[in-house]
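Fold and geometry: a report
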Amino acid sequence: MAENVAIPTIDLSPFFTDGDEIGKVNVMNSITKACSNYGFFQIVNHGVPLDLMNHALSLSKTFFAYPDEEKQKSSPGLSSPLPAGYSKQPENSADKNEYLLMFSPSSSFNVLPSNPCDFKEVLEEMFTHFGKVGELLESILNDCLGLPLNFLKEYNHDRSWDFMVAFRYYPATNTENNGISEHEDGNCITFVIQDEVGGLQVRKNGEWIPVIPAAGRIIVNISDVIQVLSNNKFKSAAHRVVRKTGRSRYSFAFFYNIQGDKWIEPLPQFTEEIGEPPKYKGFYYKDYQALRMRNKSHPPSRPEDVIHITHYAISS
């Protein structure tokens, strides 16, 4: 594991300061480099209050410490497209965590806990702040890719598939320490905050790089939809969570997503307009999500049979 390699940290403050055009260009250059290399970076001065992030992590620790009977009062409804509410991984799952999932605060699918007493309001506030960061990063990526003004915003205008998850990872045992197996995210952009326990790792050039916890930083990883749209110009980041002995790990992940009926394929700006063949065939996002959900509900016996975005890759 590459202990001495750091994930780049990028200061977004120029985007909250009028007239700092040079600062914005420097940020875009840094993000372009990070996305082109391995799709992972951290951001500071992003607009999400540190007190809110810390409070959300603290309340999630309180919630996950409750007896199962209390947590299961927030069990998902049957009609939800993803299990909104409280769930835990099955005993036979390679992933060892429990989690609370929510859609937009206005969603009828949400089953949010009433205890701790202000947890619901803090979750909704976190979701709203993450959504704003998502819109900002989408705008920056749009310009980094040289796309027409507001192209991604107009292409991906439906926010109803965005979701946020609070996680608790159990302490490692003497025989295994997997929290979440190696994977790439299927959405557009993912945002993560983790507590001081850490455990998130990103793969670059075949080596695993630990993402060192730091107060106030949000971890950003580019996901499969952006990789396909950019025809591999920007990379979807391979990552995993490794658990530590003696301590649970707490984190939040916000998935800036795309609506299921959207057709996803490499954009002409990265294919025909520059004489490059498309590296992926097109697909409806909901179809890809269904295949990824089946990875979880019916895990293949062979790792090579797990569905990744390479399922749609065109052989060269």
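Chains are numbered independently. Their residues run from 1 in the order of the written sequence. Reporting of local features is limited, given that this is a predicted model, to residues whose pLDDT is at least 70; pairs of side-chain atoms are given and counted only at 80 or more, and all residues count toward the totals for whole chains, interfaces and linings. Note: side-chain values were computed over all heavy atoms of the structure, leaving out hydrogens and water.

Our focus in this paragraph is the layout of surface pockets. Put plainly, a pocket is an open set of points on a 1 Å grid over the protein atoms alone with protein on both sides within 12 Å along at least five of seven lines, a cavity is a set where a 1.4 Å probe fits but cannot get out, and a lining residue has an atom within 4 Å of a point. Grid points are joined across faces, edges and corners, and a volume is the space filled by probe spheres set on the points. Taken as a whole, the second largest pocket spans an internal volume of roughly 270 Å³. Around the second largest pocket, the lining comprises 15 residues; the ones closest to its centre are Glu184, Arg203, Gln227, Ser236 and Ala238. Secondary structure elements are defined from DSSP: runs of H or I of at least 4 residues count as helices, runs of E of at least 2 residues count as strands, and each element is numbered from the N terminus. Secondary structure elements with two or more residues in the lining of the second largest pocket: β8 (200-204) and α6 (224-229). Here the term charged refers only to Asp, Glu, Lys and Arg, the term nonpolar to Ala, Val, Leu, Ile, Met, Phe, Trp, Tyr, Cys and Pro, and the term polar to all other amino acids, Gly among them. In the lining of the second largest pocket, the residues fall into four nonpolar, six polar and five charged.

Turning our attention to the pattern of salt bridges. Throughout this description, the term salt bridge denotes a Lys or Arg side-chain nitrogen within 4 Å of a carboxyl oxygen of Asp or Glu. Inspection of every chain in the model, using the stated rule, returns 13 salt bridges. For Lys71, the salt bridge identified is with Asp68, shortest N-O distance 3.6 Å. Remark: Asp68 and Lys71 occur in helix α3 (residues 68-71); sequence separation between them is three residues, near one turn of the helix. For Arg159, the salt bridge is made with Asp162, and the minimal N-O distance between the two is 2.7 Å.

We now examine the packing of aromatic side chains. Two rings from Phe, Tyr or Trp (for Trp, the six-membered ring) form a pair when their centres are within 6.5 Å of each other. A pair whose planes differ by under 30 degrees is stacked, one over 60 is edge-to-face, and the rest are tilted. Following the criterion strictly, the structure yields 20 aromatic pairs and no others. Here Phe63 and Phe119 contribute two aromatic rings whose centre-to-centre distance is 5.7 Å and whose plane-to-plane angle is 40°, an arrangement assigned as tilted. In this pair, Phe63 sits in helix α2 (residues 50-64) while Phe119 sits in helix α4 (residues 119-144), placing the two residues 56 residues apart along the sequence. Three or more aromatic residues joined by ring pairs form one cluster here, namely Phe63, Phe64, Tyr66, Tyr86, Phe119 and Tyr250. Criterion for a charge above a ring: Lys NZ or Arg CZ within 6 Å of the ring centre, and within 35 degrees of the ring normal. Sitting over the face of the ring of Tyr155, Lys262 holds its NZ or CZ atom 4.6 Å from the ring centroid.

With that settled, the discussion passes to the nonpolar core. Among the nonpolar cores identified, the biggest contains 65 residues, and Ile31, Met126 and Phe191 are the most heavily contacted of them. Among the elements that make up this core, the one with the highest residue count is α4 (12 residues). By the convention used here, residues are in contact when the closest approach between their heavy atoms is within 4.5 Å. With residues near it in sequence (within four places) discarded, Met126 still touches Leu52, Met53, Ala56, Met164, Ile193 and Phe252. Tyr38, Phe167, Leu200 and Ala253 belong to the second largest nonpolar core, which has 23 residues in total. By nonpolar core is meant a set of buried Ala, Val, Leu, Ile, Met, Phe, Trp, Tyr and Cys residues that side-chain atoms within 4.5 Å join together. Relative accessibility thresholds used throughout: buried, under 20% of the residue-type maximum; exposed, over 50%; partly exposed, between the two (1.4 Å probe, protein chains only).

What follows concerns helix α1 (residues 21-37). With 17 residues, α1 ought to run about 24 Å at 1.5 Å a step, and its terminal C-alpha atoms sit 24 Å apart, in line with that. Among the residues making up α1, those that are buried are Gly23, Val27, Ile31, Thr32, Ala34 and Cys35. Residues of α1 that are buried in the fold lie against β1 (9-11), β2 (40-44), α4 and β10 (218-222). One or two residues past the end of α1 sits Gly39, with phi positive at roughly 75°. Every helix has an expected span of 1.5 Å times one less than the residues it contains.

On to the sheet that holds β2. Pairs of strands are assigned from DSSP output, requiring at least two bridges between the strands. Strand order in the open sheet made by the eight strands is β1-β2-β10-β7-β12-β5-β4-β3, with mixed pairing throughout. At either end of the open sheet lies a strand with only one pairing partner, and these are β1 and β3 (85-88). The sheet shows a mean angle of 25° between the axes of neighbouring strands, direction not considered. Lines are fitted to the C-alpha atoms to define the axes, a helix being fitted only along its stretch in contact, and any angle between axes, read from their N-to-C directions, falls within 0 to 180 degrees. Contacts from α2 reach β3, β4 (97-102), β5 (163-169), β7 (189-194), β10 and β12 (249-256) within the one sheet, and its direction differs from that of β12 by about 115°.

Treat this as a map of the structure, not an account of what it does.
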